[in-house]
Amino acid sequence: MKVDLFDFDLPEERIALRPAEPRDTARLLVVRPDEGLADKVVRDLPSLLDPGDVLVFNDTKVIPAQLRGVRRRSEASAQVEATLHMRTGADRWLAFMRPGKRVAEGDRIHFGHDGSSCFLGQLDATVLEKRDGGEVLLGFDLSGAFLDEALHAVGHIPLPPYIASKRDDDARDLSDYQTIYAREEGAVAAPTAGLHFTPDLFAALDAKGIERRFVTLHVGAGTFLPVKADDTADHKMHAEKGYVSSQVADALNAAKARGNRIVCVGTTSLRLLESAARDDGTLGEWSGATDIFITPGYHFRIADALMTNFHLPRSTLFMLVSAFAGLETMRAAYQHAIRSGYRFYSYGDGSLLFRA
């Protein structure tokens, strides 16, 4: 499909730079392809679901994966910035480097704040491979838990690009850009639909008899990469690692069998479940990397509904929601959201989509 089909005008002032406070007071646009649109708030979610329905959350935890450092090559040095996006070993990460032209294989890079050191030495890395699109493979001098601790000491929360272009990250982002149920470290970006949930909302969902299940997909920086191709067939998705336990798979199979709905909280949990789905529409234990790219025409096997934020024009995420609820339905929904003052992007308002 032509990428131009997924373009629309989004006024800059509609992009949120901070989340709603409290989180569950964010607005929620309900989209039912056969029934039209309804303006709600996130706190209304229990009233929109039935007892026995299952909400599926991504419990990945964002790490401080934005690193600023100095590239050292003999006597020459240059400022560089790396965004880690997939761990490939105890001491190795794939990363997007900016500016990519400043690094070459074999370069040594010292990461830290204003030349400060980490532990008794330094957080140093070597560029082991240089790939297309500014991607590199970094080999760190530290490994395992020692590397994890170093990243927490010198790294920054990797805010989404549009927000980062408007302001620096700060102490508030350490909590704002993390779900209340995050527990499995490894994400470079938050599963932002989950940012709307609060303990009070969980209690209300429990009282309604709505189940919660957790899967893990470590969201990579590739989720923010623009689609530069003219046709969706020419766009490459970067892989992300995920896991679905046998217990969760059994619970979701049981819910489908009894006629309840599977409601994915965020595109990441949806992409993971669709990657793990068997041909007969059931699930089993699954782990691995997925680069699934969902566009209109895709046949969904697991998800019945999707709670997600409002996405940017020409993004793979807008393509996914268009596949889920219908392109014309989503274009109309986004036009309504823009006219009605909904807030877009990672810290913005939410939508609840029912499958076309």
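Structure: above.
What comes next concerns the included structure. (Residues numbered from 1 in each chain as written. Predicted model: local features only at pLDDT ≥ 70, side-chain atom pairs only at ≥ 80, totals over all residues. Heavy atoms only, no water.)

## With respect to helix H2 (residues 144-154)
- Buried residues of H2: Leu-147, Ala-150, Leu-151 and Val-154, and no others. Down the axis of H2, the smallest arc covering the buried residues is 100°, so these residues share one side.
- Buried residues belonging to H2 abut strand E5 (66-73), strand E6 (76-89), strand E7 (92-98), strand E9 (123-130) and strand E10 (135-140). (Buried < 20%, exposed > 50% of the residue type's maximum accessible area, 1.4 Å probe, protein only. Helix = DSSP H or I, 4+ residues; strand = E, 2+ residues; numbered from the N terminus. Arc of directions from axis to C-beta. Contact = heavy atoms within 4.5 Å.)

## Digging into the nonpolar core
- With 61 residues, the main nonpolar core has Leu-270, Leu-273 and Met-330 as its most contacted residues.
- Broken down by secondary-structure element, the contributors of at least two residues to this core are strand E1 (27-32), strand E3 (54-58), strand E12 (211-217), helix H6 (246-257), strand E14 (262-265), helix H7 (267-276), helix H8 (316-325) and helix H9 (327-339).
- Tallying contributions element by element places H8 first for this core, with seven residues.
- What Leu-270 contacts, discounting residues up to four positions off in sequence, is Cys-264, Ile-294, Phe-300, Ala-303, Leu-306, Leu-320 and Phe-324.
- Grouped together as the second largest cluster of nonpolar side chains are 25 residues, Leu-84, Trp-93, Leu-123 and Ala-125 included. (Core = buried A, V, L, I, M, F, W, Y, C linked by side-chain atoms within 4.5 Å.)

## Focus on the sheet that holds strand E8 (residues 108-111)
- In spatial order, the strands read E5-E6-E7-E10-E9-E8; together these six strands close into a barrel with antiparallel pairing. Adjacent strand axes in the sheet meet at a mean angle of 45°, parallel and antiparallel pairs treated alike.
- Across four bridges, E5 lies against E8 in antiparallel orientation. Across the sheet, residue Val-70 finds its bridge partner in E8, namely His-110. (Pairing = 2+ DSSP bridges. Axes fitted to C-alpha atoms, helices over the stretch in contact; angles between N-to-C directions.)

## Some remarks on the packing of H8 against H9
- In contact at an axis separation of 7 Å, H8 and H9 are set at 120° when each is read in the N-to-C sense. Between H8 and H9 lies a crossing of right-handed hand. Of H9, the residues touching H8 (which contributes Phe-318, Val-321, Ser-322 and Ala-325) are Leu-327, Thr-329, Met-330, Arg-331 and Tyr-334.
- Here the residues of the contact of H8 with H9 are counted per class, giving six nonpolar, two polar and one charged. (Left-handed = near helix turned anticlockwise from the far one by under 90°. Nonpolar A, V, L, I, M, F, W, Y, C, P; charged D, E, K, R; others polar.)

## As for the sheet that holds E14
- The nine strands lie next to each other as E2-E1-E17-E16-E14-E3-E12-E13-E15, forming an open sheet whose pairing is mixed. Because the sheet does not close on itself, it has two edges, and the strands there are strand E2 (36-41) and strand E15 (286-290). Averaged over all pairs of adjacent strands, the angle between strand axes in this sheet comes to 25°, irrespective of strand direction.
- Summarising the sheet, E3 and E14 pair through three bridges and their orientation is parallel. In the strand pairing of E14, Val-54 is matched with Ile-262.
- Relative to the sheet, H6 contacts E3, E12, strand E13 (240-244) and E14, its axis offset from that of E12 by approximately 135°.
- Here H8 sits on the sheet in contact with strand E16 (305-309) and strand E17 (350-354), set at roughly 150° to E16.

## Remarks on the pattern of salt bridges
- Within this structure, the stated rule accounts for 27 salt bridges.
- Arg-32 serves as the salt-bridge partner of Glu-35, at 4.0 Å between the closest nitrogen and oxygen.
- Among the residues examined, Arg-32 registers a relative accessible area of 23% and is labelled partly exposed.
- Put simply, Asp-91 and Arg-92 hold a salt bridge, and the shortest N to O gap is 3.8 Å.
- Look at the salt bridges and you will find they share partners, linking Arg-18, Arg-167, Asp-170 and Asp-173 into a network. (Salt bridge = Lys/Arg side-chain N within 4 Å of Asp/Glu carboxyl O.)

## Notes on the environment of Phe-318
- For Phe-318, the position within the fold is in helix H8.
- Phe-318 sits in the buried class, given a relative accessible area of 0%.
- Along the backbone, Phe-318 and Ile-294 are 24 residues apart, and their C-alpha atoms lie at a distance of 9.9 Å.
- Apart from the residues within four sequence positions on either side, Phe-318 is in contact with Phe-6, Phe-8, His-311, Leu-312, Leu-327, Met-330, Arg-331 and Tyr-334.

## Quick notes on the side chain of Thr-126
- Topologically, Thr-126 is positioned in strand E9.
- On the basis of relative accessible area, Thr-126 is assigned to the buried category, the value being 18%.
- Excluding residues within four positions of it along the chain, Thr-126 makes contact with Gly-106, Asp-107, Arg-108, Leu-137, Leu-138 and Gly-139.

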